[in-house]
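# A look at the structure
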Amino acid sequence: MNILIDNKSGAPIYDQIYSQIKNQIINGSLKEDEMLPSIRGLAKDLRISFITTKRSYEELEKEGFLYTVPGKGCFVAPKNLELIREENLKKIEKYIDEIAVLAAACNLSRQDIIEMIDFGLEESE
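Here the structure is a predicted model, which is why all the values come from computation and not from measurement. (Residues numbered from 1 in each chain as written. Predicted model: local features only at pLDDT ≥ 70, side-chain atom pairs only at ≥ 80, totals over all residues. Heavy atoms only, no water.)

### Structural notes on the pairing of strand β1 (residues 66-69)
On any regular strand, side chains alternate: one points to one face of the sheet, the next to the other face. Pairing analysis gives four bridges linking β1 to strand β2 (residues 73-76), with the strands arranged antiparallel. When the bridges of β2 are listed, threonine 68 appears paired with cysteine 74. The turn linking β1 back onto β2 is made up of three residues, and glycine 71 within it adopts a positive phi angle of 80°. (Pairing = 2+ DSSP bridges. Helix = DSSP H or I, 4+ residues; strand = E, 2+ residues; numbered from the N terminus.)

Encoded structure:
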């Protein structure tokens, strides 16, 4: 597992850890039932408070990405396809919002945007 903390990003450290682990689970870098570093171990490696790491793990567990086995540690939860679909839908909505802002700045019409999306879809086939 690879976690990089960017002190200049402005995002809270717990959120950076949370986002990076979640992305690694969704993209398959972290496999189902794979054991994660201990909360204290990860905190020591990243040179941060274990409370920060604990918060990240708790959020991931609350959202169904991790599960904890008492006395053994935290593990990647089996992939919930609905959960992954929902996460991807949220990302798409965020991109659409960004597209709308950029399109307005460029004076693009709805039809222009649709043509661009159609072209992108054709290219990916």
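### A word on the packing of aromatic side chains
Tallied over the entire structure, the rule returns one aromatic pair. Ring geometry for tyrosine 67 versus phenylalanine 75: centroids 5.5 Å apart, planes at 20°, classification stacked. In this structure, arginine 40 is placed above the aromatic ring of phenylalanine 50, and the distance from its NZ or CZ to the ring centre is 4.1 Å. The side chain of arginine 55 reaches across the aromatic face of tyrosine 14, ending 3.6 Å from its centre. (Phe/Tyr/Trp six-rings, centres within 6.5 Å; stacked < 30°, edge-to-face > 60°. Lys NZ or Arg CZ within 6 Å of the ring centre and 35° of its normal.)

Function-wise, these values are silent; they only describe arrangement.
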